[in-house]
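Descriptive structure summary
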Amino acid sequence: MRTYFRNVYRSLITILIGMRQTWRHLFTPSVTLQYPHEKWDLPVGTRQQLFVNIDDCIGCYKCARICPVDCIYIDTVKAKPDEDLGKASTGNPIRQHVVRFDIDMFKCCYCNFCTTVCPTDCIYMTDKYETSVYDRSNGIYHFSKYAPDYAAKLIVDEKEAEAAKAAARAAAKEKAMAAKKAKVAE
Amino acid sequence: MFNNIFKKQRYYFDSEGLLVVDMSPSSAVHYQEAVQAATQDAGFSGEDMVINFGPQHPSTHGVLRLEVVLEGELVKKVTPHLGYLHRNFEKHAEYIPYNEIVPYTDRLDYLAAMNMNLGYVLAVEKLLGLTELPERVEYIRVICAEFNRIASHLMAIGTFGLDAGAITPFLWAFRDREKILDLFEWLSGARMLYNYIWVGGVARDLPDGWVEKAKEFLDYFEPMMVEFNNLLTHNHIFIERTAHIGILPADVAINYAATGPVLRGSGVKWDLRRDQPYSIYDRFEFDIPVGEGMYGPVGSAFDRYWVRIREIEESVKILRQALDQIPEGDVFEAIPRKIRPPAGKEAYFRSEAPRGEIGFYIRSNGSDIPDRVKCRSSCFVNISLIDEISRGQLVADLVINIGSIDIVLGEVDR
Ligand code: SF4
Ligand code: SF4
């Protein structure tokens, strides 16, 4: 019986102590932010949506290689010897056309590795985070500056050039073989 | 029904076979005693009922499925079923280079990602034989780990209160945890999955003014903890609710290899930060809180909760020392360019994460990709205790027991 009343007494007292705390907090401003209407400030260097300044990209594949989830897709076409693609703003010469630079932001785990390895600092994280889309395919961001048909043409050109080179090499080999044979026959 | 009251029996079964405990003032008995009396009584009739608790259940703290055998309201047996959040960490780690595994370790215990980073990174450093790190790196690591311990324990005690029916403390704990996450976001750019501690260093140096802001936070936080204790910890109803259930004796805890607050709640003073100091923990002064059984038997759910509360205070102590002592220096100088441990070398390293010991075993095959990575997860071990501590108790206590073990399913399933 005594325990019972002691329990009741203690419960009441401790609840009152707690209530005093909540009562005090009633008069402090609320910490809740009404999200879509109010937004908090993001610090410098926050890690949200990726962005690539493709004019500076030298197509070195470093970012694609270090990505732990392999969500950066890059295709490059070597520039022709007489072509000058200029330099990135950091001074690194650009030697290839980056015909495809896609990032699958659904696979990205926002680990920030790609931005730390980039030699020209052209891939970086922005402070944009409201990037929901209605379709999975919209989560793949295309950064290449080449129009698809021009990119396709560049790829075909490169393939043709390579094929021509290979053919030339084969022809040269054949010639050499023929010369050898001729020598042996002599 | 009247018969029972006249017989002064403290419990009886109603017409549907449910256990009813007489809580009227005249009986004046602790309901737990009544429940125990009921268990001992062999007069149980009715069949066992097997119910699935989870995987989608708000009080299982994730996607845990418990197969519970019930006899009326009493739990006879609990079998945890795992694997709903299995992401293949160990196998995946065999395909990616050492440094790229760090973001995957974030996702083990996502409430204490810094501690997971630290555990893995220290294992790799042991494998590489990398012992000389810049002082500043060591201090930053300890500061991050301790801040994350506070954040993780705040989550644990908040949700524990929620399991017992207290909603306000949960929101208060989240309010303060949010401030720590803000600090981390400023530091690393991310709020939860930091990928901050790297092999041989850290990803970024502390921003200007971070140390001052961190100290400011500690000044703000300590009074908040007092308020929190007034609100929840010293609440008599909460104590009565939790101090008599989920009893875990020390020998059982040791036999099950329980670690962290679960082990310390049973009165065993074992903390790797003190007993096997890694990083620079041997330089700081702090206590190892253990369960004292203030309101009931030692090793109760309340004791585990109490250990967490006290650990937050100890972490604040460590943080104050570390933030005062932190030296200047370059944090990137020791980051190795290539991580290629010699073939066949292996290393196991364990460290104290908020939920217990996290251990990483790594074997090298000479390339930059590990041959095998094994993660010893504390939550996985601790959840196996759920049957031991909930047997013979009510279903409502089972929920509190899960909360008192404080599991994170990301780490249980890996
Ligand atoms: S942030 Fe990480 S996951 Fe995302 S694209 Fe960069 S390297 Fe890949
Ligand atoms: S690392 Fe930078 S420069 Fe190299 S391919 Fe990626 S974005 Fe382009």
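Residues numbered from 1 in each chain as written. Chains lettered and ligands numbered in written order. Predicted model: local features only at pLDDT ≥ 70, side-chain atom pairs only at ≥ 80, totals over all residues. Heavy atoms only, no water.

What to know about the interface of chain B and chain A
- Counting residues at the interface gives 29 residues for chain B, matched by 31 residues for chain A.
- Surface buried jointly by chain B and chain A totals about 2500 Å² across both partners, of which 57% is contributed by carbon and sulfur atoms.
- On the surface where chain B and chain A come into contact, there are twelve residue pairs in polar contact (both at pLDDT 80 or more).
- Mapped onto the side of chain B that touches chain A, the elements with two or more residues apiece are helix H4 (102-106), helix H7 (168-188), helix H8 (210-233) and helix H9 (236-242) of chain B.
- Among the elements that take part in the side of chain B that touches chain A, H7(B) stands out by supplying six residues, more than any other.
- Residues belonging to the side of chain B that touches chain A are distributed by class as follows: 13 nonpolar, nine polar and seven charged. (Contact = heavy atoms within 4.5 Å. Buried area = accessible area lost by both parts, 1.4 Å probe. Polar contact = N/O pair within 3.5 Å; in protein donor to acceptor, adjacent residues only side chain to side chain. Helix = DSSP H or I, 4+ residues; strand = E, 2+ residues; numbered from the N terminus. Nonpolar A, V, L, I, M, F, W, Y, C, P; charged D, E, K, R; others polar.)

Observations concerning a nonpolar patch on the surface
- A cluster of nonpolar side chains, Tyr9(A), Ile13(A), Ile15(A), Leu16(A), Ile17(A), Met19(A) and Ile237(B), forms an exposed patch at the surface whose accessible area comes to about 640 Å².
- The leading source of residues in the nonpolar patch is helix H1 (residues 2-26) of chain A, at six residues.
- Residue position: Ile13(A) is located in helix H1. (Patch = residues over 30% accessible without salt bridge, like charges linked within 9 Å, V, L, I, M, F, W, Y side chains within 5 Å. Areas by Shrake-Rupley, 256 points an atom, 1.4 Å probe, with all protein chains shown as cover. Salt bridge = Lys/Arg side-chain N within 4 Å of Asp/Glu carboxyl O.)

Quick word on the sheet that holds strand S8 (residues 346-353) of chain B
Residues and elements named next belong to chain B.
- Taken in spatial order, the three strands of this open sheet run S8-S9-S10, and their pairing is antiparallel. Taken across any chain shown, the strands that pair with only one partner, and hence form the sheet edges, are S8 and strand S10 (370-376). Within this sheet the neighbouring strands show an average axis-to-axis angle of 15°, counted without direction.
- Looking at chain direction, strand S9 (residues 356-364) and S10 are connected through six bridges and run antiparallel. From the neighbouring strand, Phe-360 faces S10, where its bridge partner is Cys-375. (Pairing = 2+ DSSP bridges. Axes fitted to C-alpha atoms, helices over the stretch in contact; angles between N-to-C directions.)

Section: the site of ligand 2
- Close contacts around ligand 2 come from 14 residues, with Cys57(A), Cys60(A), Tyr61(A), Cys63(A) and Cys118(A) the closest.
- Looking at side-chain class alone, the shell around ligand 2 contains eleven nonpolar, two polar and one charged residues. (Near = heavy atom within 4 Å.)

Some remarks on the side chain of Glu71(B)
All names here are of chain B.
- Along the chain, Glu-71 turns up in strand S4 (residues 65-71).
- Classification of Glu-71 as buried rests on a relative accessible area of 15%.
- One polar contact links Glu-71 to Lys-76, side chain to side chain, over a distance of 3.2 Å. (Buried < 20%, exposed > 50% of the residue type's maximum accessible area, 1.4 Å probe, protein only.)

Looking at unusual backbone geometry
All names here are of chain B.
- In this model, Ala-257 sits at a positive phi of 60°, which is unusual for a non-glycine residue.
- Note that Ala-257 resides in the loop between helix H10 (250-255) and helix H11 (261-265).
- Among the residues examined, Ala-257 registers a relative accessible area of 38% and is labelled partly exposed.
- The phi dihedral of Arg-414 is positive, around 55°, even though this residue is not glycine.

Side note on the environment of Ser137(A)
- As for its position among the elements, Ser137(A) is in the loop between strand S4 (123-125) and strand S5 (140-142).
- It is 8.8 Å that separates the C-alpha atoms of Ser137(A) and Asp104(A), two residues lying 33 residues apart in sequence.

Brief notes about the site of ligand 1
- In the vicinity of ligand 1 there are 13 residues, among which Cys67(A), Cys108(A), Cys109(A), Cys111(A) and Cys114(A) approach most closely.
- Class assignment for the residues of the shell around ligand 1 results in twelve nonpolar, one polar and no charged.

Comments concerning the domain arrangement of chain B
Residue and element names in this part refer to chain B.
- If you check the domain split of chain B, you get domain 1 (2-81) and domain 2 (89-413).
- With both chains or domains summed, domain 1 and domain 2 bury close to 1900 Å², and 66% of this area falls on carbon and sulfur atoms.
- Summed over the shared surface of domain 1 and domain 2, the number is zero salt bridges.
- The tally of links between domain 1 and domain 2 comes to four residue pairs in polar contact (both at pLDDT 80 or more).
- Within the residue set of the side of domain 1 that touches domain 2, elements represented by two or more residues are helix H2 (31-40), S4 and strand S5 (74-81).
- No other element matches S5, which puts six residues into the side of domain 1 that touches domain 2.
- Broken down by class, the residue content of the side of domain 1 that touches domain 2 amounts to twelve nonpolar, seven polar and three charged. (Domains from an automatic or database assignment.)

What to know about the packing of aromatic side chains
- Counted according to the given criterion, the structure contains 28 aromatic pairs over all chains.
- Their ring planes at 75° and their centres at 5.3 Å tell us that Tyr4(A) and Phe5(A) sit as a pair that is edge-to-face.
- Overall, the relative accessible area of 29% leaves Tyr4(A) in the partly exposed class.
- Of the residues examined, Phe5(A) reaches a relative accessible area of 51% and is grouped as exposed.
- Pairing Trp23(A) with Phe27(A) gives two aromatic rings, centres 5.4 Å apart and planes at 85°, and the pair type is edge-to-face. Here Trp23(A) and Phe27(A) have matching classes, each one exposed.
- Taken together, the ring pairs in this structure connect Phe147(B), Phe184(B), Tyr194(B), Trp210(B), Phe217(B), Tyr220(B) and Phe221(B) into an aromatic cluster.
- Directly above the ring of Tyr281(B) sits Arg273(B), whose terminal nitrogen or CZ lies 6.0 Å from the centroid.
- Sitting over the ring of Phe380(B), Arg414(B) keeps its end group 5.5 Å from the ring centre. (Phe/Tyr/Trp six-rings, centres within 6.5 Å; stacked < 30°, edge-to-face > 60°. Lys NZ or Arg CZ within 6 Å of the ring centre and 35° of its normal.)

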